[in-house]
Amino acid sequence: HFLAVSSIAANVPFVGYSAYAPAKAAVRAFCDVLRNEFADVPHVHIHICFPPDMDTPGFLEEQKTKPIETKTVWPECFNELFKPQDVAAMMLDGIKRNRYHIHSPDLGGNALVSRAWGHYPRGFWGTIIEFVIASPFVFIHAAMVWMADGAVKKHKHHSKREKKEK
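About the cut-offs
Here the residue index of a chain counts from 1 through its sequence in written order. In keeping with the model being predicted, local features are shown solely for residues with a pLDDT of at least 70 and side-chain atom pairs are shown and tallied solely at 80 or more, while totals for entire chains, interfaces and linings include all residues. Based on all heavy atoms of the structure, the side-chain values leave hydrogens and waters out of the count. The helix count covers DSSP runs of H or I at least four residues long, the strand count covers runs of E at least two residues long, and both are numbered beginning at the N terminus. Counting of polar contacts relies on pairs of N or O atoms within 3.5 Å, with two restrictions inside protein: one atom must be capable of donating a hydrogen and the other of accepting it, and residues adjacent in sequence are counted only when both atoms are side-chain atoms. Any pair of Phe, Tyr and Trp rings, taking the six-membered ring for Trp, is counted once the centres come within 6.5 Å. Such a pair is stacked with planes under 30 degrees apart, edge-to-face with planes over 60 apart, and tilted for the rest. Residue exposure (1.4 Å probe, protein chains only): buried if accessible area is under 20% of the type maximum, exposed if over 50%, otherwise partly exposed. By definition, being over a ring means that NZ of Lys or CZ of Arg is both within 6 Å of the ring centre and within 35 degrees of the ring normal. Only residues whose relative accessible area exceeds 30% and that form no salt bridge are eligible for patches; like-charged ones are grouped when within 9 Å, while nonpolar side chains (Val, Leu, Ile, Met, Phe, Trp, Tyr) are grouped when within 5 Å. Methods summary: accessible areas were calculated by the Shrake-Rupley approach with a probe of 1.4 Å, and residue burial reflects only the protein chains presented. Salt bridges are defined as contacts in which a side-chain nitrogen from Lys or Arg sits within 4 Å of a carboxyl oxygen from Asp or Glu. For two strands to be treated as a pair, DSSP must find no fewer than two bridges joining them. Residues belong to one nonpolar core when they are buried, are Ala, Val, Leu, Ile, Met, Phe, Trp, Tyr or Cys, and are joined through side-chain atoms within 4.5 Å. The span expected for a helix works out to 1.5 Å for each residue beyond the first. In this description, one arc is meant: the one made by directions from the helix axis to the C-beta atoms. The contact definition used throughout considers only heavy atoms, calling two residues in contact when any of these lie within 4.5 Å.

1. A word on the environment of Lys64
Along the polypeptide, Lys64 turns up in the loop between helix 2 (57-63) and helix 3 (68-72). Here the side chain of Lys64 touches Glu61 through a polar contact of 3.0 Å, side chain to side chain.

If you want it as structure tokens, here you go:
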């Protein structure tokens, strides 16, 4: 099992996280590729989680230097802190259940991570268009994952490499 820790900020980047958010998005892309590359190896399991803000000493220290824009970007109702032990328990449960995308205790954050197409202004009509095409895109994306995994399995990606190394 390989578990990578990303962040909700990978899918909802905002002010104050210009270095952090892209790094966490890269973790997601890396894991998406690893999961695909190892689709033909049944004993290799890739997992990724996107934990929310947690009540930790590191988070408290971060608050001392965080820009005001970052502190106030979201309404207070979205600034819940979660217990690290609750997040860790969900990570362990996700590994046991062999889930790729391991959920956190933050239900809203899970929804954002699952369907994030990027956090940027779209305008009124752009929002309407995305709303209309969102459902078919879920099926299109599922088909793309199935096709990518199928290609790896069909061509026995890792079997070829093992033969060359012998």
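2. Considerations on the packing of aromatic side chains
One pass over the structure, following the stated rule, counts three aromatic pairs. Taking the centre distance of 5.0 Å and the plane angle of 80° together, the rings of Phe124 and Trp125 count as edge-to-face. Across this residue pair, the class does not change: Phe124 and Trp125 are exposed. Positioned over the ring face of Tyr100 is Arg35, at 5.7 Å from the centre of the ring.

3. Some thoughts on a nonpolar patch on the surface
On the surface, Phe124, Trp125, Ile128, Ile129, Phe131, Val132 and Ile133 cluster together to form a nonpolar patch covering roughly 810 Å² of accessible area. By the element assignment, Phe131 lies in helix 6 (residues 123-154). Among the residues examined, Phe131 registers a relative accessible area of 69% and is labelled exposed.

4. Some thoughts on the pairing of strand 1 (residues 2-5)
Pairing of strand 1 with strand 2 (residues 46-49) involves four bridges; the strand directions are parallel. When the bridges of strand 2 are listed, Val5 appears paired with Cys49.

5. Let's talk about the nonpolar core
Residues Ala4, Ile8, Ala10, Val12, Cys31, Leu34, Ile46, Ile48, Phe50 and Val113 constitute the largest nonpolar core, which totals ten residues. Of all the secondary structure elements, the ones that give two or more residues to this core are helix 1 (20-37) and strand 2. Core analysis: the next-biggest nonpolar cluster, separate from the first, contains six residues, Cys49, Val87, Met91 and Ile95 among them.

6. Observations concerning helix 4 (residues 84-96)
For helix 4, spanning 13 residues, the distance from its first C-alpha to its last is 18 Å, which sits close to the expected 18 Å at 1.5 Å a residue. When we look at burial in helix 4, the residues that qualify are Val87, Met91, Gly94 and Ile95. All buried residues of helix 4 project into a common sector of 100° when viewed along the axis, lining one side. In helix 4, the exposed positions angled more than 90 degrees off the buried face are occupied by Gln85, Leu92 and Lys96. Structurally, helix 4 contributes buried residues whose contacts are with strand 1, strand 2 and strand 3 (101-102). Within two residues after helix 4, Asn98 carries a phi angle of roughly 55°, on the positive side.

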